[in-house]
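Working through the structure, step by step
The primary structure of each chain is shown beneath.
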Amino acid sequence: MPTYQNPADDSDKLRLDETDKPLAETLNPNFRYALFSPIAKGGKSLIQACTDLYLGRKICHKSLRKEFAQDEVEQRRLLREARIAARLQHPNIVPTYDLGRTRDGGYFFTMKLLEGYTLRELLNYRERYDLTQMVNVIEQIANALAYAHQKGVLHRDVKPENILVGRFGEIVLLDWGLAKVWDEGADEVESEGMTSTASGSKSEADGARAALSLGMTQMGPVQGTISYMSPEQLDREATIDDRSDVYSLGAVLYEILCGQTVFDGERMDELAEKVRSETPRPPSEKTRVKLPRMLEDLTMQCLAKEPSRRVSSMNDVLRVLSENWLLS
């Protein structure tokens, strides 16, 4: 896994003139953040690195893209994401620093800026890492999810792209934008959001969704990445619970074990139907590498179609991962 290395120059070293610089007598929060540079651009959000001029540090700044900045539903979603992430104070969840409005009135929030690699990037070079390292990533993410579930939060978008291994070896679960909070009325808010963001005829919407790649997050009636979504999340069942995240984590573990997603397909509707009804092949049938039986059994139990037949909780996943699975 990536580890910290001393930089080749002294440009990042602290200087006394920076730490002792006086704070302005009158503070204008509109000018606190400066020196923006893009990190990523999602479907409706913009993630940038910037400098907090008050504290003199680089941070991560997330806001809505201009075309969505005044959309009330998207504003509410961004607020929800910021406040959920802020309340979930855990070593495997990125700390949230600030919440406010941009100069044009839109919402933003700031977070710790982490440098490292996503699990997707690590999987692209999986031959460089042994299974113990990869399973450690899963164990840390399971810890984050167990904590979130205890707090009444379901992530709903667990996938390799949302798992980061930092330069100091920290492992964090990113992007709580699709999180569900166990609260009366939450489903109505989400349904309202889906309705207000849809446009055009049903055939146009279906065509747009079909054009998305299988690895992309849909922006239509079903949100999430199909390859890692549970059947009940795919069907937007009202009874969805923690076991949906168990399924998603199992799908990530499956890919770690054999280097392939649980299902594949050239069309999204074909892939979705496999998620709903097809029994996945065991990972050992997709690789020549001998796999620990305990890990394979855990993976297949996580991927059961019926939630009642899955591993019942993330704590149960952690119990298995804490055992000596290498000898199984």
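Up top is the structure.
Notes on the structure in this doc start here.

Further remarks concern the packing of aromatic side chains. Each aromatic ring pair is characterised by the separation of its centres together with the angle its planes make. Applying the stated rule across the entire model yields one aromatic pair. Between the aromatic rings of Tyr33 and Phe108, the centroid separation amounts to 5.7 Å while the plane-to-plane angle is 75°, which identifies the pairing as edge-to-face. Linking Tyr33 in strand β1 (residues 33-41) with Phe108 in strand β5 (residues 107-112), this pair joins segments that are 75 residues apart in sequence. Across this residue pair, the class does not change: Tyr33 and Phe108 are buried. For the cation-ring pair, Arg57 lies above Tyr97, with the distance from its terminal atom to the ring centre recorded as 3.9 Å.

Attention shifts here to the nonpolar core. Inside soluble globular proteins, nonpolar side chains tend to come together where they are buried. The biggest cluster of nonpolar side chains holds 59 residues, and the ones touching the most others in it are Leu119, Trp176, Leu249 and Val317. For this core, the element with the most residues is helix α4 (residues 131-150), which contributes 11 residues. Contacts of Leu119, omitting those with residues within four sequence positions, involve Met134, Val137, Pro160, Ile163, Val252 and Ile256. Leu64, Leu78, Ala82 and Val94 belong to the second-largest nonpolar core, a separate cluster that totals 12 residues.

Another aspect to go through is the pattern of salt bridges. Going through the model one piece at a time under the given rule, you end up with 20 salt bridges. Residues Glu161 and Arg120 are paired through a salt bridge, measuring 2.9 Å at the closest nitrogen-oxygen approach. Highlighted residues: Glu161 in the loop between β7 (153-154) and β8 (163-166) and Arg120 in helix α3 (residues 119-123), separated in sequence by 41 residues. On the accessibility criterion, Glu161 (30% relative accessible area) is partly exposed. Residue Arg120 is classed as buried on the basis of its relative accessible area, which comes to 19%. One network of salt bridges, with partners in common, ties together Arg15, Asp17 and Glu18.

Rules behind the numbers
Residues numbered from 1 in each chain as written. Predicted model: local features only at pLDDT ≥ 70, side-chain atom pairs only at ≥ 80, totals over all residues. Heavy atoms only, no water. Phe/Tyr/Trp six-rings, centres within 6.5 Å; stacked < 30°, edge-to-face > 60°. Helix = DSSP H or I, 4+ residues; strand = E, 2+ residues; numbered from the N terminus. Buried < 20%, exposed > 50% of the residue type's maximum accessible area, 1.4 Å probe, protein only. Lys NZ or Arg CZ within 6 Å of the ring centre and 35° of its normal. Core = buried A, V, L, I, M, F, W, Y, C linked by side-chain atoms within 4.5 Å. Contact = heavy atoms within 4.5 Å. Salt bridge = Lys/Arg side-chain N within 4 Å of Asp/Glu carboxyl O.

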